[in-house]
Amino acid sequence: MVTLENIQFSYTKGFPALSGISARIEPGIYLLAGENGAGKTTLLRIMAGALAPMMGTCSVNGSNPASDVPSQRGKTFLVEDNMVLPGKNIMEFAKMHSRFYPTFSPELFAENLKAFGMSGHEPLKSLSYGNRKKAQISYALALGVDLLLLDEPTNGLDIQSKSVLKSIIARSIADNQTIIVATHTVSDLENIFDGAVMLSGSRLLFAALEDEVAARLSFTLSSAPDPEALYSESSLGRYLNISIADGEETRVDWRLLYCALNSPERDKIIGILNSNTSFEYD
Amino acid sequence: MTNSTICQHTPDSFSLQRVAALFAYYAPAIRRQVCIYLAVSILFTILLLIPGSDTMRTGFFSLTWTILQWMWYLSPLSMASKGRSGIVDRLIPAKALEKLSFFLIYFVVIIPLVEFTLPVVAELTILKSLGNDLPHFKSVLDFQLNSSWIMKTINILSAICCCLVSLCVILKSRHNKMLFGILSAFCVQIILGVMGAILSGFEMASKAFQKGFEDGLKGKIDATDFDPIEFTREIIQPSPATYTVVGIITAGIVIAVALIYRRLRKPSL
């Protein structure tokens, strides 16, 4: 479980990158969404222990990811966008890097690479951006860390690889693991998220499990605008609506919810979402 | 692929196993650097051994030591190459003290051994036994081999200081790591040079004045037998000035090590 308590961080004095972020994230796969500059990458880096919050605390299963204790530090791993890994190929990198991670599974790593159609012996330098990303994600998912953070994992992946990514994320996750995926293209990984954390303007908009959102909001498709909808948008002649749940749970459309949270209806929707969720936040 | 993790049975206290694992992690960069440094060392040793005129051999000798020393100063640049990911290196689950130990063993012990072993062995064996038909070369070689222990200490400490400051700057910089690493090495050399000149200058002046005064009293006013190398060797002897230089450089090394440790311990990109 990841616990964030009143996290504050700024790169430049007076310009907060994150402000008052508090949330408790249970094991599962989570979407981290927010506009450009909302603080997604900063939050990922804090959870990975690569940045220390100026105020507040972050813990992963009770351990500080930024601590100098190897067993605590080894609980998290972050795959950043445009990350460069040393080594001739991903196999060589894995051989020298995985020895720090006792939970690493070589079998899962090989399976993940195979699913992407890679052998692992392709020279990293000559790989395309997308293929480099596939190799990195295959390795990261096999590390078996308590908290895996993926920043824009679908960037550069072809259509088929995006669906492979979805299946290997779902297959690789263990019961006690948390995977947080920061992405702008929610549709690429739809249906795999157990919950979402949404940021806006360096603050936490909401953090909730899918069940909790589905219990409060209903996501429907109609041929005419729904007058009861809290938020509605047209798409190819039809209307996607968010309304207050009437007892029957529908599948959460995270993209639609994200758009709704960036609309004038935001406060109303947040008010509904924030009523008795299992998350704790401002 | 076999999975040989070292952390499973390794406690969270300082572990030599993890230091060894860090060597394995940095192996590609280490392998490349050691090969290049060894090749350059062999090349310059061969140059030193090539028969030639007195002037040519003296020139090669000075060039060899200058280049090898600068290669040592700039050796931490291997940690700033484009193929390295700052975040992956930083997130390695090893203690800051283990990472510091790795850097110190590699840059302060292994690199100088790789670089200087061959030229020093060549100096102590073949070059030392060369005939007396190379007066300048013999004089320069003799100056290096027979300089006082304080001079040798100052040379070694200043090289370590320069290397560690460069490493510290590379670890600290977010961008332009190569440029800042090179600039820092140059700056340290300039600072050490100016400091050495100021402190030793007073010492030299006082000794030169004393010597001149003594010679004058003896009526010895002919300076044709003046040997600058012999004079420098006489001057750079243990004295308050040279001890101060050693103290300042040592303080610089301690500060650089403390800053590197702090950088490795404190999470920030």
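The rules behind the values
Residues numbered from 1 in each chain as written. Chains lettered and ligands numbered in written order. Predicted model: local features only at pLDDT ≥ 70, side-chain atom pairs only at ≥ 80, totals over all residues. Helix = DSSP H or I, 4+ residues; strand = E, 2+ residues; numbered from the N terminus. Buried ≥ 20, exposed ≤ 12 C-beta atoms within 10 Å, placed from the backbone. Contact = placed C-beta atoms within 7 Å. Rg over C-alpha atoms; globule rule 2.2 N^0.38 Å. Core = buried A, V, L, I, M, F, W, Y, C linked by C-beta atoms within 7 Å. Domains from an automatic or database assignment. Nonpolar A, V, L, I, M, F, W, Y, C, P; charged D, E, K, R; others polar. Axes fitted to C-alpha atoms, helices over the stretch in contact; angles between N-to-C directions. Parallel < 35°, antiparallel > 145°, perpendicular 65-115°, else oblique. Left-handed = near helix turned anticlockwise from the far one by under 90°. Pairing = 2+ DSSP bridges. Expected span 1.5 Å × (residues − 1). Arc of directions from axis to C-beta. pLDDT = per-residue confidence, 0-100.

Trainee: For the overall build of chain B, give the residues involved together with the corresponding values.
Mentor: Helix and strand content of chain B: ten helices and zero strands. Split into buried and exposed, the 269 residues of chain B put 29% on the buried side. Considering only contacts in chain B between residues 6 or more positions apart, those separated by 24 or more positions represent 83%.

Trainee: I'd like to hear about the overall build of chain A, residue by residue, with values.
Mentor: The secondary structure content of chain A amounts to nine helices and twelve strands. Taken over C-alpha atoms, the radius of gyration comes to 19 Å for chain A, in line with the 19 Å a tight globule of 282 residues would show. Here the C-alpha coordinates of chain A stretch approximately 60 × 40 × 35 Å along the principal axes. When burial is assessed residue by residue, chain A has 48% of its 282 residues classed as buried. In chain A, the share of contacts with a sequence separation of at least 24, taken over all contacts with a separation of at least 6, comes to 69%.

Trainee: Now, about the nonpolar core: what can you tell me, with residues and values included?
Mentor: Within the largest apolar cluster, 136 residues are counted, with the highest numbers of intra-cluster contacts made by Tyr30(A), Val181(A) and Leu167(B). In terms of residue count, helix α7 (residues 149-172) of chain B provides more of this core than any other element does, 13 residues in total. Here this core gathers at least three residues from each of two domains, domain 1 (2-201) and domain 2 (209-282) of chain A. Setting aside chain neighbours within four positions, we find Leu167(B) in contact with Pro76(B), Met79(B), Phe103(B), Phe107(B) and Ile260(B).

Trainee: So what's going on with the interface of chain B and chain A? Which residues, and what values?
Mentor: Taken together, the contact pairs 33 residues of chain B with 34 residues of chain A. Element by element, the count of residues in the side of chain B that touches chain A is highest for helix α1 (residues 16-25) of chain B, at four residues. Looking at the side of chain B that touches chain A residue by residue, the classes come out as 18 nonpolar, eight polar and seven charged.

Trainee: How would you explain the packing of helix α2 (residues 27-49) of chain B against helix α5 (residues 96-124) of chain B if you had to name every residue and give the values?
Mentor: Residues and elements named next belong to chain B. Close contact between α2 and α5 brings their axes to 8 Å; oriented N to C, the two are set at 20 degrees. By the angle between their axes, α2 is roughly parallel relative to α5. At the point where α2 passes α5, the crossing takes the right-handed sense. Contacts between α2 and α5 involve Ile30, Val34, Tyr37, Leu38, Ser41, Ile42, Phe44, Thr45, Leu48 and Leu49 from the former and Tyr106, Ile111, Val114, Glu115, Leu118, Pro119 and Ala122 from the latter. Here the contact of α2 with α5 is composed, by residue class, of 14 nonpolar, two polar and one charged.

Trainee: Please provide a residue-by-residue account of the domain arrangement of chain A, values included.
Mentor: Residue and element names in this part refer to chain A. You can read the domains of chain A as domain 1 (2-201) and domain 2 (209-282). A straight line from the C-alpha centre of domain 1 to that of domain 2 covers 27 Å. Opposite the 14 residues of domain 1 that make contact, domain 2 presents ten residues. Elements with a contribution of two residues or more to the side of domain 1 that touches domain 2: β2 (15-25), β3 (28-34) and β8 (195-200). A per-element tally of the side of domain 1 that touches domain 2 places β2 first, with four residues.

Trainee: Provide a residue-level description of the sheet that holds strand β9 (residues 203-209) of chain A, including the pertinent values.
Mentor: Either a parallel or an antiparallel arrangement is found when strands of a sheet pair, and the pairing is made through backbone hydrogen bonds. Residues and elements named next belong to chain A. Pairing in this open sheet of six strands is mixed, and the strands run β5-β6-β7-β3-β8-β9 from one edge to the other. Both edges of this open sheet fall to β5 (76-79) and β9, since each of them pairs with a single strand only. Averaged over all pairs of adjacent strands, the angle between their axes in this sheet comes to 15 degrees, without regard to strand direction. Sheet topology note: the β5/strand β6 (residues 147-151) ladder contains four bridges and is parallel. Bridge pairing links Val79 to Leu150 in β6. Sheet strands touched by helix α8 (residues 254-261): β3, β8 and β9. Its angle to β8, the strand with the most contacts, is close to 25 degrees.

Trainee: Which residues make up the sheet that holds strand β12 (residues 238-244) of chain A, and what values go with them?
Mentor: Residues and elements named next belong to chain A. Here we have three strands laid out as an open sheet, ordered β10-β12-β11, and antiparallel in their pairing. Lying at the two open borders of the sheet, with one neighbouring strand each, are β10 (217-222) and β11 (231-235). With direction set aside, neighbouring strand axes in the sheet form an average angle of 20 degrees. One ladder, built from five bridges, connects β11 with β12; its direction is antiparallel. Of the residues in β12, the one forming a bridge with Glu233 is Leu240. Packing of α8 onto the sheet brings it into contact with β10, β11 and β12, and relative to β12 it is tilted by some 75 degrees.

Trainee: For the packing of α1(B) against α5(B), give the residues involved together with the corresponding values.
Mentor: When two helices pack together, their arrangement is captured by the angle between the axes and the distance separating the axes. All names here are of chain B. Two numbers describe how α1 lies on α5: the axes approach to 9 Å, and their chain directions differ by 55 degrees. In terms of orientation, α1 and α5 fall into the oblique class. The two elements α1 and α5 meet at a crossing, and its hand is right-handed. Side by side, α1 and α5 meet where Arg18, Val19, Leu22 and Phe23 of the first sit next to Glu98, Lys99, Ser101 and Phe102 of the second. A per-class count over the contact of α1 with α5 returns four nonpolar, one polar and three charged.

Trainee: Describe helix α6 (residues 159-172) of chain A, listing the residues and the values that go with them.
Mentor: All names here are of chain A. Look at α6: 20 Å from first C-alpha to last across 14 residues, which is about the 20 Å you get at 1.5 Å a residue. Within α6, burial applies to Ser161, Leu165, Ile168, Ile169 and Ser172. Buried residues in α6, looked at end-on, bunch into an arc of 105 degrees, giving them a common side. α6 presents Ile159, Gln160, Ser167 and Arg171 as exposed residues on the side facing more than 90 degrees away from its buried surface. Looking at the buried positions of α6, the neighbouring elements they touch are β3, α4 (106-115), α5 (129-142) and β7 (178-182).

Trainee: An account of the confidence of the model for chain B is needed here, citing residue identities and associated values.
Mentor: Across chain B, pLDDT averages 84, with 85% of residues at or above 70. Per the prediction output, this complex has pTM 0.84; the corresponding ipTM is 0.83.

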